There are 2 protein chains.
Amino acid sequence: MANSTSGDSVVDRVVRVIEAFPEGVTSLQLTELADRAGIPLSSAHRLVRQLSEHGLLDLGAGGTVRLGLRLWELVNRNSPTLALRQAAMPFMEDIQQVLNQNVNLAVLDGWEALFVERLSRRGSVANRARIAGRMPVHISSAGLALMSHQSREVQAEYLEHFQDPSGKVTADVVRHFLAEAAQQGYAQLAGVVDPDTWGIAVPVVNGKRRTVAALGVVVPLAEMRLQALVPALQTAARGIGRHLAD
Amino acid sequence: MANSTSGDSVVDRVVRVIEAFPEGVTSLQLTELADRAGIPLSSAHRLVRQLSEHGLLDLGAGGTVRLGLRLWELVNRNSPTLALRQAAMPFMEDIQQVLNQNVNLAVLDGWEALFVERLSRRGSVANRARIAGRMPVHISSAGLALMSHQSREVQAEYLEHFQDPSGKVTADVVRHFLAEAAQQGYAQLAGVVDPDTWGIAVPVVNGKRRTVAALGVVVPLAEMRLQALVPALQTAARGIGRHLAD
DNA sequence: ACACGTTCTACCATTGAATGGAAGGTATCG
DNA sequence: CGATACCTTCCATTCAATGGTAGAACGTGT
């Protein structure tokens, strides 16, 4: 499956073109895109033009390439997390109003928490969890809440391959965190992501007793209202779970 | 550019596969997908498998096809509307808090308003404008706000091709609406989308004086507080515009 | 328990679509 | 005004993509 001398198929290249955009970058010059995707300029040009004819990309005058509005629309309409987000939104809004803090919703993808929805409140503490952002399992309360409710096999594999780039955390520490989170029914991390913030997250369990998401808040370190936060989160998480089909 | 007997290229087919999912449907059987995309089963199978190897699709056991989490992530991270949404979010939250109503943000795509962000409040009236949803220009306040600030050429072309499927609205009526919206600086529609709701939207203008979005609210028909709503929206829209680079 | 329908998956000889270097066009800069 | 950098088009060559066919794996009704 590779017509090109470099040995990749058209599909490979389409994927690489879409992946070529660095995080947060919405626009790229054709030459740079070709460079990043590792595709000869003329081939990249042809490919981009084809994709933009279908609206998946947007090839502007002067070779400016953006992702297409149509692609954004299609993906968001039919996203695999659509049902989850729809079920969760009302409850997230409740949490935001009652606790007056940042709320976020994450799913586990690989060994990272992928944030699929977020409500932030002006004036509340900084929230690093951007929508479509990722955080490693071991330094996010959402990640810990998710991983602590996975099967023994998944957890074992995760811990086996665990490695902290910064070298500050060992697998044993993470094991301890996970055990604690599993036992308590929620995960918390103080001052890890941001020195002055505190993250708390609880698992969202669907009808088949599978943990499909984590519902979390980020609050100022000063506000130690664990007694108030955790029950509210757990109640909301149960509500979300009840509204999930699978 | 077509190896297939049907005369479409690999790119065409990739696009059709992604487009094959009906609105709101997150999962499709392989056979149905092949059918909808108009691709022979064996070819569809091969294509889907390739895409799922890259994470753009998710081919589950038994031929269940979903859009990939990775695709959602990539598109949302690098979405062309990213800057707009980031600039708008704080202001939308302000509006939501102050007016205590549904807030939404739309861009013009073709002759429809495409809703790119939305904040709904529990207890507030129903809001038809789903994220990544579309509404025709002539029956949405956001659409009217956007179109009324387009160039004469665009408006002329729109009105020329205008046709209401329901036949209730004529081009002249729309022309009147647009003129009114342009003159007033905001667009409003009462009871059109939903009999008991009222939509108001104002244009968001960027540094280059181009109207790039519409900021709107949906309120109960009873609450006729135009005097309070419009200035608040216009202030927020100005704030958003100031924060937009281009 | 059996036969039938349905759907997924794998195979492989044929064929024409995809490839990318080269050349032409256009804008920007010192 | 030459030089550089970028976008765009062209076209002969070649090997990846194609899809009919057949088999495997279910599920379902009799």
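Residues numbered from 1 in each chain as written. Chains lettered and ligands numbered in written order. Predicted model: local features only at pLDDT ≥ 70, side-chain atom pairs only at ≥ 80, totals over all residues.

S.K.: Can you walk me through the packing of helix α5 (residues 82-99) of chain A against helix α9 (residues 226-242) of chain A in this structure?
M.R.: Packed helices, taken two at a time, are described by the angle between their axes plus the distance between the axes. Residue and element names in this part refer to chain A. Direction vectors running N to C along α5 and α9 enclose 165°, while the axes themselves pass 9 Å from each other. As summarised for this structure, α5 and α9 are arranged roughly antiparallel, according to the angle between their axes. Relative to α9, the crossing made by α5 is right-handed. Residues Ala-87, Ala-88, Phe-91, Asp-94, Ile-95, Val-98 and Leu-99 of α5 pack against Leu-229, Ala-232, Leu-233, Ala-236, Gly-239 and Ile-240 of α9. Tallied by class, the residues present in the contact of α5 with α9 amount to 11 nonpolar, 1 polar and 1 charged. (Axes fitted to C-alpha atoms, helices over the stretch in contact; angles between N-to-C directions. Helix = DSSP H or I, 4+ residues; strand = E, 2+ residues; numbered from the N terminus. Parallel < 35°, antiparallel > 145°, perpendicular 65-115°, else oblique. Left-handed = near helix turned anticlockwise from the far one by under 90°. Contact = placed C-beta atoms within 7 Å. Nonpolar A, V, L, I, M, F, W, Y, C, P; charged D, E, K, R; others polar.)

S.K.: Would you explain the nonpolar core in this entry?
M.R.: Most often, soluble globular proteins keep nonpolar side chains buried together rather than apart. Formed by 153 residues in total, the largest nonpolar core has its most connected members in Ala-106, Ala-214 and Leu-215 of chain A together with Ala-106, Ala-214 and Leu-215 of chain B. A total of 8 residues in this core trace back to one element, the largest contributor, which is α5 of chain A. When near neighbours in sequence (up to four residues on either side) are disregarded, Ala-106 of chain A contacts Ala-113, Leu-114, Phe-115, Val-116, Ala-142, Leu-146, Ala-213, Ala-214 and Gly-216 of chain A. (Core = buried A, V, L, I, M, F, W, Y, C linked by C-beta atoms within 7 Å. Buried ≥ 20, exposed ≤ 12 C-beta atoms within 10 Å, placed from the backbone.)

S.K.: Which parts of the structure should I look at to understand the interface of chain A and chain B?
M.R.: Frequently, the measure chosen for interface size is the accessible area that the parts lose on association. The interface is formed by 42 residues belonging to chain A together with 42 residues belonging to chain B. Contributions of two or more residues to the side of chain A that touches chain B are made by α1 (10-19), α3 (41-53), β3 (64-67), α4 (69-77) and α5 of chain A. The element contributing the most residues to the side of chain A that touches chain B is α4 of chain A, with 8 residues. Its residues assigned to classes, the side of chain A that touches chain B comprises 22 nonpolar, 9 polar and 11 charged.

S.K.: Mind showing me how you'd approach the packing of α4 of chain A against helix α4 (residues 69-77) of chain B here?
M.R.: Direction vectors running N to C along α4 of chain A and α4 of chain B enclose 135°, while the axes themselves pass 10 Å from each other. On the basis of the axis angle, α4 of chain A is oblique to α4 of chain B. For the crossing formed where α4 of chain A meets α4 of chain B, the hand is left-handed. Only Leu-71, Trp-72 and Val-75 of chain B of α4 of chain B make contact with α4 of chain A, whose side of the interface consists of Leu-71, Trp-72 and Val-75 of chain A. Across the contact of α4 of chain A with α4 of chain B, the residue classes break down as 6 nonpolar, no polar and no charged.

S.K.: What exactly am I supposed to notice about helix α2 (residues 30-37) of chain B here?
M.R.: Residue and element names in this part refer to chain B. Listing the buried residues of α2 in full gives Leu-33, Ala-34 and Ala-37. Angularly, the buried residues of α2 cover 100° about the axis, an arc narrow enough to put them on a single face. Looking at the packing, one finds that the buried side of α2 touches α1 (10-19), β1 (27-29), α3 (41-53) and β3 (64-67). Downstream of α2 by a residue or two, Gly-38 has a phi angle that is positive, lying close to 70°. (Arc of directions from axis to C-beta.)

S.K.: Got a minute to help me understand the sheet that holds strand β2 (residues 57-59) of chain A in this structure?
M.R.: The pairing of strands in a sheet happens through backbone hydrogen bonds and is either parallel or antiparallel. Residue and element names in this part refer to chain A. Read across the open sheet, the 3 strands follow the order β1-β3-β2; overall the sheet is antiparallel. Whereas interior strands pair on both sides, the edge strands pair on one side only; in this sheet they are β1 (27-29) and β2. Between one strand axis and the next, the sheet turns through 25° on average, direction left out of account. Across 3 bridges, β2 lies against β3 in antiparallel orientation. The residue bridging Leu-59 from the neighbouring strand is Val-65, located in β3. Contacts from helix α2 (residues 30-37) reach β1 and β3, with the element oriented near 90° to β1. On the sheet, α3 packs against β2 and β3 and is oriented at approximately 115° with respect to β2. (Pairing = 2+ DSSP bridges.)

S.K.: Just checking my understanding: could you explain the relation of the copies chain A and chain B for this structure?
M.R.: Two copies of one chain are present, and they are related through a rotation about an axis combined with an axial shift. If you rotate chain A by 180° and push it 0.0 Å along the axis, it lands on chain B with an RMSD of 0.1 Å. Both copies of the chain, as the preceding transformation shows, are related through a two-fold rotation axis. No C-alpha of chain A lies nearer the rotation axis than that of Val-10 of chain A, which sits 3.5 Å from it. Comparing interface residues between copies, 100% of those in chain A also sit at the interface in chain B, which points to an isologous, same-surface contact. (Least-squares fit on C-alpha atoms with pLDDT ≥ 70 in both.)

S.K.: Sorry if this is basic, but what is going on with the confidence of the model for chain A here?
M.R.: Reading predicted coordinates in detail is not appropriate for stretches of low pLDDT. Considering every residue of chain A, the mean pLDDT works out to 91; 93% of them sit at 70 or more. Confidence, expressed as mean pLDDT per element, reaches its minimum in chain A at α5 of chain A with 88 and its maximum at helix α6 (residues 141-147) of chain A with 98. (pLDDT = per-residue confidence, 0-100.)

S.K.: Would you mind showing me how to read the sheet that holds β1 of chain B here?
M.R.: All names here are of chain B. Pairing is antiparallel across the open sheet formed by 3 strands, whose spatial order is β1-β3-β2. Of all the strands in the sheet, just β1 and β2 (57-59) have a single pairing partner and so form its edges. For this sheet, the mean angle separating the axes of adjacent strands, direction not counted, is 25°. Judged from the 3 bridges that link them, β1 and β3 form a sheet pairing that is antiparallel. Directly across from Gln-29, in β3, lies its bridge partner Thr-64. This element, α2, spans β1 and β3 of the sheet and lies at about 90° to β1. Relative to the sheet, α3 contacts β2 and β3, its axis offset from that of β2 by approximately 115°.

S.K.: Honestly, the pairing of strand β8 (residues 197-205) of chain B in this entry has me stumped. Any pointers?
M.R.: Residues in a regular strand point their side chains to alternate faces of the sheet. All names here are of chain B. For β8, the tally of buried residues reaches 8 of 9 residues, placing the bulk of the element in the interior. As paired strands, strand β7 (residues 187-190) and β8 are joined by 4 bridges and run antiparallel to one another. Of the residues in β8, the one forming a bridge with Ala-187 is Ala-201. Turn length for the β7-β8 hairpin, with the two strands adjacent in sequence and antiparallel, is 6 residues, and the turn residue Gly-191 shows positive phi of about 65°.

S.K.: Please clarify how unusual backbone geometry should be interpreted in this entry.
M.R.: What you tend to see is this: most non-glycine residues have negative phi, and most peptide bonds are trans. Unlike most non-glycine residues, Arg-209 of chain A shows phi in positive territory, near 65°. Here Arg-209 of chain A shows up in the loop between β8 (197-205) and β9 (211-220). Residue class for Arg-209 of chain A comes out exposed when judged on the 8 C-beta atoms lying within 10 Å of it. Backbone geometry at Asn-100 of chain B places phi at a positive 60°, although glycine is not the residue there. Mapped onto the secondary structure, Asn-100 of chain B falls in the loop between α5 (82-99) and β4 (102-109). With 13 C-beta atoms counted inside 10 Å, the residue Asn-100 of chain B sits in the partly exposed group.

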